[in-house]
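Fold and contact review
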Amino acid sequence: MNLDKAKKGQVVKVTNIDNKNIRTKAIRLGISEGEMITCCQVIPAGPVIVCKRRQQIALGRGLAKKIGVEPVPVPLRQCEKCVLSENNNATACK
Amino acid sequence: MSNQACNNKIVLIGNPNVGKSAIFTALTGEYREISNFPGTTVKISEGEWNASVVVDTPGVYGLSGMSQEEYVIRDLVLNASLVINVVNAVNLERDLFLTRQLIDAGVPVVVALNCIDEAEKLNLEIDTAVLQESLGVPVISTVAIEYKEVNELKEKLLDKNFNLSNCINEYINKEIKSLMENYGASRQEALFILDGNKDLASSYKINDEIKKDTFYQIRRNEVNEIVNNSVQDKKTSLVKDPLGARIGEWLLNPLIGFPVLIIVLWGLYEIMGVLIAQKIVGFTEGVVMGQYYEPAIRTLIGNYIDPASAIGTLLVGQFGVLTMTVTYVIGLLLPLVLGFFLVLSLLEDLGYLPRMAIMLDRATSYLGLNGQAIIPLVLGFGCVTMACITTRILESQRERRIAIFLLALAVPCSAQMAFITAILASMGPKYLIFYIIIIFSILLGVGTLLGRFLPGYTSPLMIDLPALRLPRVENVLKKTWDRTYDFLKEAAYIFIGGALLLSLFKITGLLEAIQVIMQPVTVGWLGLPKESANAFLMGFIRRDFGTAGMMSLSMPMLQQFVALVTLTLFVPCIATTMVIIKELGWKDAFVIWPSIFLIAFTAGGILNKLLEIFQGPWILFLMVIIVVFTLMLILAISRIWKQSESYL
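No experiment lies behind these values; they were computed from the predicted model shown.

Considering the overall build of chain A
- The helix and strand tally for chain A stands at two helices and seven strands.
- Start at the N end of chain A and walk to the C end: the helices and strands fall as β-α-β-β-β-α-β-β-β.
- Taking the contacts inside chain A whose residues are at least 6 apart along the sequence as the reference set, 50% of them involve residues at least 24 apart.
- Of the accessible surface of chain A, which amounts to about 3700 Å², a share of 50% is contributed by carbon and sulfur atoms.

Shown next as structure tokens:
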């Protein structure tokens, strides 16, 4: 699936970023292939906001469509914020 | 700058929003000078500390030359005797990427771990010793926003023994070495070639594909490892985030974010359009300048010089340097510009602007722009010239062209808006709404067409969100004043020059001649009195100047309305034109300028003809329908010819 389909609060693992330029730009900000990110907000028909640790990054809808992710099986409770622990397992949901 | 100072140059560098300027101020106390970097308009500030020149730079994410700023800063870094890399303790994963790049570049680096207090509030524990060890350079915690707690940093800087880090990734080192050996590039050059600098690569005739993304990925993994080893997140579900972080979250929630956005925009209008543009300016311009200053100066000058003489006209005539110029600059521009920059600096320091960009990303995508373009577009309501410079934050040439075109065409600057609101206020709310619909439709229509048909790509939105912070009063005030001063200083010269030119035209009778030449357009096509040529002529110099000129002509309401619309769209002022030439080049400027000219007069003329044909009480209603219909038509046509979506 692609990042634009992610739901709010879902933890996903980035599988591929197709475009080379977008990939390098994303790596600079901390999103690279294999990385776990939390989808922390989705603006309807607008950008997707992902969180990695304390950093929030907004990605335009068209861009999110180009980022392949796979959902990480974390109990999808009504958690506002999932904090990633050091070993990259999603824990500490409210 | 003395030679000795040149030898000792400390450059502050860091990602946006990490507190570079705060460290700069804490070190040097004062901005010695803020100047544009030679040949560019990248703002570089210099100060002095302990016989060293300290340079503050705009925030960048790297030195790969992805933007003009990155090039400028890269050169500064390479010539520095020491680089202070300011990083935000909360966002180490992002910030250390640049740190690694600096270390790899082989320049002496001291890392200032800033905002350590914010990290503590968020229950992040950072092991400075581990960080220092894995980076191989000194790491010093600072809380620069309090302008204290930089003593440790100062002590370290006095130390002056900065060894280069030897913590360099093996793979990167190997690649750099191979480039150095095979092509004879210097170490730093080799690094930047790896970083994707095509100019350097071609100058060394390197044809192999440089795997920039592999290189980046390795650096990313390295940074992630460092962060994993040195940062511990102690946050538990029981601990709440600080209020600022929570409000930041709420603002991103569409249910809260959109209403807040509307309130902010409405507040902006209330403050700028109503309070300042009408009430305050009404007092400063109408009462202080109009009733007291102008009569006084006329009497005073009249004692020595005949006001009807040539010099008298230049000084205190209709376009007098001592009358009109002073009134406009002090009575009108000063309160407006001051107010606008105050509000803008507040929003900026609060960290609200990127959130605005996110909320509006969808809307601006119709114009072929991403949400970030909203920042120059909003800035345009303050000063179009400055906003055109700000379009640099947009990544592609195409986006810059669209944004600058729209700014130059349909965004009235604060000074012009003052006159527009004043004229519209006298006409009643019906005209105000109609005016907004017309201008907005033209903005949307032209933007849509540009977005669809202009070649190139639009870069997608990819921004990181700074934390919401309570702005510091002195910081906001200082910024406001600096910007206002810069703006007025420039505007005053142009106003004086413009006023002198107009007075000369008047004295020599050239003004009359131009009025006659322009008659077919002004009288025939737009249905305005021939004196309106003055206003257009003034509009060449500054748009608001033109609108002001329109105010002094008496004509029927509908004519006034036509003039208002035409002048809003009319060509950008001299300052903006110069910035457009500088930013986009002569070629673009030569296309943009006449296009705007044409659009303004076409729209004004059509409006005039429609007003002639349809008269009566339903006229405005009819016009709105026609405008909206035309807009829909444009949108529909664009949809059919939709370009395939392309990113980079």
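From this point, the narrative continues.
What to know about the pairing of strand S4 (residues 55-59) of chain A
- Buried residues dominate S4(A), accounting for five of its five residues.
- Going residue by residue along S4(A), you find A:Gln55, A:Ile57 and A:Leu59 tucked away on one face and A:Gln56 and A:Ala58 tucked away on the opposite face as well.
- Across five bridges, strand S3 (residues 48-52) of chain A lies against S4(A) in antiparallel orientation. By the bridge assignment for S4(A), A:Val50 is matched with A:Ile57.
- Counted along the chain from S3(A) to the antiparallel partner S4(A), the turn is two residues long, and its residue A:Arg53 has a positive phi close to 50°.
- With four bridges joining them, S4(A) and strand S10 (residues 462-465) of chain B adopt antiparallel strand pairing. From the neighbouring strand, A:Leu59 faces S10(B), where its bridge partner is B:Met462.

Quick word on the interface of chain A and chain B
- Tallying the contact residues gives 42 residues for chain A and 48 residues for chain B.
- Buried surface at the junction of chain A and chain B, both sides included, amounts to about 4200 Å², of which 55% is carbon and sulfur.
- Among the residues chain A hides against chain B, the three largest losses belong to A:Arg28, A:Arg54 and A:Gln56. Together they make up 21% of the total.
- Linking A:Lys52 and B:Glu93 is a salt bridge whose minimum nitrogen-to-oxygen distance equals 2.3 Å.
- Viewed at the interface, chain B and chain A are joined by nine residue pairs in polar contact (both at pLDDT 80 or more).
- Among the elements of the structure, helix H1 (20-29), strand S2 (36-42), S3, S4 and helix H2 (61-64) of chain A are those that each provide at least two residues to the side of chain A that touches chain B.
- Broken down by element, the residue count for the side of chain A that touches chain B peaks at ten residues, all from H1(A).
- Partitioned by chemical class, the residues of the side of chain A that touches chain B number 16 nonpolar, eleven polar and 15 charged.

So, helix H23 (residues 473-508) of chain B
Residue and element names in this part refer to chain B.
- Given a rise of 1.5 Å per residue, 36 residues ought to cover 52 Å, and the 51 Å separating the end C-alpha atoms of H23 matches this to within 8%.
- For H23, the full list of buried residues reads Val476, Thr480, Thr484, Phe487, Leu488, Ala491, Ile494, Phe495, Gly498, Ala499, Leu502 and Ser503.
- Of the residues trailing H23, Gly509 is marked for its positive phi of about 85°.

What to know about the confidence of the model for chain A
- Mean pLDDT for chain A: 77, with 78% of residues reaching 70 or above.
- Counting interchain partners and residues more than four positions distant, the pLDDT-below-50 stretch residues 76-94 of chain A has 42 contacts.

Some points on the pattern of salt bridges
All names here are of chain B.
- Under the defined criterion, the tally for this structure stands at 13 salt bridges over all chains.
- A salt bridge links Asp75 to Arg74; the nearest nitrogen and oxygen atoms lie 4.0 Å apart.
- Residue classification places Arg74 among the buried residues on the basis of a relative accessible area of 10%.
- Asp464 is the partner of Arg94 in a salt bridge, and the nearest nitrogen-oxygen pair spans 1.9 Å. One end of the pair, Arg94, is in helix H4 (residues 92-104); the other, Asp464, is in strand S10, with 370 residues separating them in the sequence. For the pair shown, Arg94 and Asp464 are each scored as buried.

A look at a nonpolar patch on the surface
Residues and elements named next belong to chain B.
- On the surface, Leu243, Ile247, Trp250, Leu255 and Ile256 cluster together to form a nonpolar patch covering roughly 490 Å² of accessible area.
- Contributions of two or more residues to the nonpolar patch are made by helix H12 (243-252) and helix H13 (254-302).
- Per-element accounting of the nonpolar patch gives the leading share, three residues, to H12.
- If you trace the backbone, Leu243 turns up in helix H12.

Parameters at a glance
Residues numbered from 1 in each chain as written. Chains lettered and ligands numbered in written order. Predicted model: local features only at pLDDT ≥ 70, side-chain atom pairs only at ≥ 80, totals over all residues. Heavy atoms only, no water. Helix = DSSP H or I, 4+ residues; strand = E, 2+ residues; numbered from the N terminus. Contact = heavy atoms within 4.5 Å. Areas by Shrake-Rupley, 256 points an atom, 1.4 Å probe, with all protein chains shown as cover. Buried < 20%, exposed > 50% of the residue type's maximum accessible area, 1.4 Å probe, protein only. Pairing = 2+ DSSP bridges. Buried area = accessible area lost by both parts, 1.4 Å probe. Salt bridge = Lys/Arg side-chain N within 4 Å of Asp/Glu carboxyl O. Polar contact = N/O pair within 3.5 Å; in protein donor to acceptor, adjacent residues only side chain to side chain. Nonpolar A, V, L, I, M, F, W, Y, C, P; charged D, E, K, R; others polar. Expected span 1.5 Å × (residues − 1). pLDDT = per-residue confidence, 0-100. Patch = residues over 30% accessible without salt bridge, like charges linked within 9 Å, V, L, I, M, F, W, Y side chains within 5 Å.

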